[in-house]
Amino acid sequence: MKLLYKLDSVEPPCGQANHFLDEGTNQLKYEYNGLTIISIQLPGEGNQYYRRVSDGNLQTHPFIQQLYLAFDEPQTVRVRFELSRDALNMRPRRAGDGEAILGQSGRPTLYGANGLYDVLQDLLIDWHGAEWQWVHDRIQRTEDGNSFAEIDVRVGTTPWVINLRMQYYRKHLNFTYHKPWEWRPDLKPVAGWCSWEAYRFDIREEHVIEAARFVSEHFKAYGLEYVQLDDGYQLPLVPPEATGIVADAWLTTNEKFPSGHAGLVSGIKAYGLQAGIWTNAVVTNPDFASSGNACIKNADGSPIKGKWIQYVLDCSPETLAKHVAPYYRGLRDAGYTYFKTDAIRHLIFDGLHEAVRAGLITNDEAQAKFRAFLECAKEHIGDDAYLLSCWGVLSEAVGLADACRVATDSNPSWPAIRMQLVETARWFHTHRILYLNDPDHVCVRAPLEWAKSVISLVSLTGGLLMISDKPEHYNDERISMIQRNLPPLQTVTAETGALDLIMPAFAWTNAKENADDLDKMDQHPFTTLWAIHIQTDDRNWCVAGRFAIEALQASSVEMEKLGLDPDREYAVFDFWQKQYLGRYTVSIPCRELEVGSCQLLAVRPVIGRPMLMASSRHVSMDAVSVKAEQWLNDELTLKLKGVSGTAEDYWVYVPDGFVVADQSAAGARSQITPEGETLRLTVHFDEEEVQVKLAFTEPTA
């Protein structure tokens, strides 16, 4: 289901927030785009210093406004930020070496993350120069549905600075087509099976139907939704005839698909799954390219040609209407709801830019033609279909594509998997802001630890999760591993900033097969450490992930580097080892990891009473099967949603002195096994929705 926003369709101004002092409440307020975005409760005594005029406008394009506050004597003031209905806590920079890359599911507030991002206004607010802390552990809601957050700040003679960056992604990071007040991508979790790396060009109709049967049986109940046919079904030449249209190559299947699109789609849907389809922007018929006006030609009348794209459609309205619109519309009418549009980076870089180099069109015209191609696709598949732009992180796809592939083709080799891990990290600042990030399909037939690493990262970060192996590659161990990662979370980036341009792109091309000497490695270089902060109605916790893109030493990970308060105590659980590690403040001791392996740790604040610690159901431990956790009258109640006929383990942290007095389950059978400071609750799901209660006696004084 598409997450819909009521958008304003009015562009926010690249202009200053205006201040005024409310003398009745002694609040300093800043108004922007119809909202009082900042309210500062000033103390009643002492001299106060703040910007009263627009001299805080540091630059006009892109627009930056800086505010400041100072006092003669140190004062603690409360600051309230009010933003649109979709706002996030955001660290206003990317992670450095030794720091976790920050993500969030829900709307938590994170220790040390000194920024807020208003998604619908594309407004970044960050603050610096004084000690501060959050008032609440999550972003709150006003009565009219807007977001607000509050901090307490200790301000003295050194100015405390607030920066406002209007149209941040659009103008500061140069994603020109990002206009969230007009359009937002479909933010739902996406999981499916793709034929490409499983069968490549040898794909046949019966392979797809068998894959649909298999994944429906094993993964549909866990959250897999799509079966996507890739390259290999179309006619050999695009278009088949010199006088024909491009659409003919895509709408007419070859002899390997005798039932055509209608038969394939109905076969997939018979297993309760949605059908997806791959298309390509190429033109391969030289006679077609040479005749007519559909392809761009050199001054001598010969068609231009580019690598991987071959001949280049001119992408004029007439050409798109005649050659492109019919196949997108026809495939949608056939029942496909997921569209992977490939070679579009080649359309612009190797095709349209060849025309620029030849002096036939300008750069702006090339960009406009590229956008026109995607606009045509988007229009004719309909708003409720899903569009993946493949491949390359293309600024020109922003505002049109629901997802964008951030890396080149993957496969089961370590260099390819390492590339997926690295590029997921590199482009994380765009994730679910501009579009959903797609690191390409996951090949779980790779060595188990490698497969476990990449599928875990895709699931936790909420990337587009497509598996691509033949069904015979899915043994029991790999089936279970896939199930633990379905569905992917709806994670959003919790950090932002420009890319580090020193780091090599698409890292598999120059990857080392062997690790460096452990003694010479940084403990956690960029891309190896993640912290996904998860917030539900009744719980906040963090999943810390260590991914050994290079070998990782046994080390201590500081709470502060994970976006956690180092003064709090946390209970820690290792997911893949199914092991409770203990309670820690300041830092967590972590084991050595060989190249390609990973470690996932649930880190939950200790609250002095029994609480859910982790589960076996999902790598999030557990934002998927746990629908509610309630503590009332010394009774812990868990409302769970699982797959009927299966069993899952749930680990409950039990402080000293608490003893289980009774247990009961509705819709399930349950048993408990003490394991040190935790107890393992095994739940056998007789029904899909169950409720388990554990009654405790409290410790006596």
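Our subject is the structure that appears above.
Below is a summary of the structure that appears in this document. Please read all numbers here as calculations on a predicted model, not as lab measurements.

### Section: the nonpolar core
Reasoning step 1: Counting residues in each nonpolar core, the largest one holds 125 residues, and the members touching the most others are F373 and I467.
Reasoning step 2: If you tally residues by element for this core, the top one is helix α9 (residues 363-381), at 8 residues.
Reasoning step 3: In contact with F373, other than residues within four places in its own chain, are A281, C315, L320, V324, Y327, Y328, T341, I344 and L347.
Reasoning step 4: With 34 residues, the next largest nonpolar core counts L35, F63, I125 and M166 among its residues.

### A look at the packing of helix α3 (residues 205-218) against helix α5 (residues 260-269)
Reasoning step 1: At their nearest, the axes of α3 and α5 sit 9 Å apart, and the two run at 20 degrees to each other. The pairing of α3 with α5 is recorded here as roughly parallel in orientation. Relative to α5, the crossing made by α3 is right-handed. On the side of α3, the interface is formed by E205, V208, I209 and A212, while α5 contributes G260, L264, G267 and I268.
Reasoning step 2: For the contact of α3 with α5, the per-class residue count stands at 5 nonpolar, 2 polar and 1 charged.

### Thoughts on the layout of surface pockets
Reasoning step 1: Volume-wise, the largest pocket comes out at about 1,000 Å³.
Reasoning step 2: Lining the largest pocket are 42 residues, with T109, L110, Y111, W134 and D565 sitting closest to its centre.
Reasoning step 3: Counting only elements with at least two residues in the lining of the largest pocket, the list comes to β12 (131-134), β14 (147-155), β27 (529-535), β28 (540-547) and β33 (598-605).
Reasoning step 4: It is β12 that contributes the most residues to the lining of the largest pocket, 4 residues altogether.

### Focus: the side chain of K378
Reasoning step 1: Mapping K378 onto the fold places it in helix α9.
Reasoning step 2: In this structure K378 touches W183, A385, L387, L400 and D402, once residues within four positions along its chain are discounted.

### Here we look at the packing of aromatic side chains
Reasoning step 1: One pass over the full model with this rule turns up 26 aromatic pairs.
Reasoning step 2: Where W127 meets W132, the ring centres are 5.5 Å apart and the plane angle is 85 degrees; that geometry is what we call edge-to-face.
Reasoning step 3: Chaining the aromatic ring pairs together yields one cluster made of Y233, W250, W278, Y327, Y328 and F339.
Reasoning step 4: A cation sits over an aromatic face here: R80 above F148, 4.0 Å from the ring centre.
Reasoning step 5: Just above the ring of Y177 sits the side chain of R371; from NZ or CZ to the centre is 3.9 Å.

The rules behind these values
- Residues numbered from 1 in each chain as written.
- Predicted model: local features only at pLDDT ≥ 70, side-chain atom pairs only at ≥ 80, totals over all residues.
- Heavy atoms only, no water.
- Core = buried A, V, L, I, M, F, W, Y, C linked by side-chain atoms within 4.5 Å.
- Buried < 20%, exposed > 50% of the residue type's maximum accessible area, 1.4 Å probe, protein only.
- Helix = DSSP H or I, 4+ residues; strand = E, 2+ residues; numbered from the N terminus.
- Contact = heavy atoms within 4.5 Å.
- Axes fitted to C-alpha atoms, helices over the stretch in contact; angles between N-to-C directions.
- Parallel < 35°, antiparallel > 145°, perpendicular 65-115°, else oblique.
- Left-handed = near helix turned anticlockwise from the far one by under 90°.
- Nonpolar A, V, L, I, M, F, W, Y, C, P; charged D, E, K, R; others polar.
- 1 Å grid on protein atoms, 1.4 Å probe; cavity = no way out; pocket = protein on both sides within 12 Å on 5 of 7 lines; lining within 4 Å.
- Points joined across faces, edges and corners; volume = space filled by probe spheres on them.
- Phe/Tyr/Trp six-rings, centres within 6.5 Å; stacked < 30°, edge-to-face > 60°.
- Lys NZ or Arg CZ within 6 Å of the ring centre and 35° of its normal.

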